[in-house]
Amino acid sequence: MVEEDEYSCVNRSQLKIKDNSGIKKKKKKKYNKETEKAIENEVKEQIKQQKSTNEKTKAELAFLKMQDKMKKQRIQQKAEMTHKQRVEKFNQHLDSLTEHFDIPKVSWTK
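Residues numbered from 1 in each chain as written. Predicted model: local features only at pLDDT ≥ 70, side-chain atom pairs only at ≥ 80, totals over all residues. Heavy atoms only, no water.

A. Here's a closer look at the overall build of the protein chain. Each helix and strand in the protein chain was counted, giving three helices and zero strands. Along the protein chain, helices (α) and strands (β) appear in the sequence α-α-α when read from the amino end. When the 110 residues of the protein chain are sorted by exposure, 3% land in the buried category. (Helix = DSSP H or I, 4+ residues; strand = E, 2+ residues; numbered from the N terminus. Buried < 20%, exposed > 50% of the residue type's maximum accessible area, 1.4 Å probe, protein only.)

B. Spatial organisation of helix H3 (residues 83-96). For H3, spanning 14 residues, the distance from its first C-alpha to its last is 20 Å, which sits close to the expected 20 Å at 1.5 Å a residue. Residues of H3 that are buried: Val 87, Asn 91 and Leu 94. Projected onto a plane normal to the axis of H3, the buried residues spread over an arc of 60 degrees and lie on a single side. Among the exposed residues of H3, those pointing more than 90 degrees away from its buried face are Lys 89, Gln 92 and Ser 96. (Expected span 1.5 Å × (residues − 1). Arc of directions from axis to C-beta.)

C. Just helix H2 (residues 58-80), in detail. The end-to-end C-alpha distance of H2 is 33 Å, a good match for the 33 Å that 23 residues give at a rise of 1.5 Å each. The buried fraction of H2 is low, at zero of 23 residues.

D. Quick peek at a positive patch on the surface. A cluster of like positive charges, contributed by Lys 71, Arg 74, Lys 78 and Arg 86, occupies part of the molecular surface. Among the elements that line the positive patch, the one with the most residues is H2, at three residues. Checked against the element boundaries, Arg 86 lands in helix H3. (Patch = residues over 30% accessible without salt bridge, like charges linked within 9 Å, V, L, I, M, F, W, Y side chains within 5 Å. Areas by Shrake-Rupley, 256 points an atom, 1.4 Å probe, with all protein chains shown as cover. Salt bridge = Lys/Arg side-chain N within 4 Å of Asp/Glu carboxyl O. Lys, Arg positive; Asp, Glu negative; His and termini not counted. Charge placed at Lys NZ, Arg CZ, Asp CG, Glu CD.)

Next up, the structure:
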């Protein structure tokens with residue numbers, strides 16, 4: 001018996017790689033600068049049209065104006081009195097109530 005080499009049956013030719021003829025890569029689309037500018041212009045025009053349609057009616061404007069006026073008035077009333085003055089006024093109000101509504105007085109020092 002002749003000892004044979006373990007690798008004698010191995011094929012020594014190059015490996016065959018499959019043909020890629022059936023597979024095609026997708027090409028990336030190139031964007032034209034002109035089309036991009038046209039799209040941007042259309043978007044800007046649509047935004048302008050939306051802004052023009054959102055104009056408020058006379059009644060809505062009057063309502064908003066009155067709301068602002070009332071808001072300023074409330075802020076002014078709150079700013080007229082200090083916290084100490086508000087507590088004293090509240091305590092006077094509690095003194096004027098009957099015992100039925102008796103609750104402890106609020107102290108402005110604590």
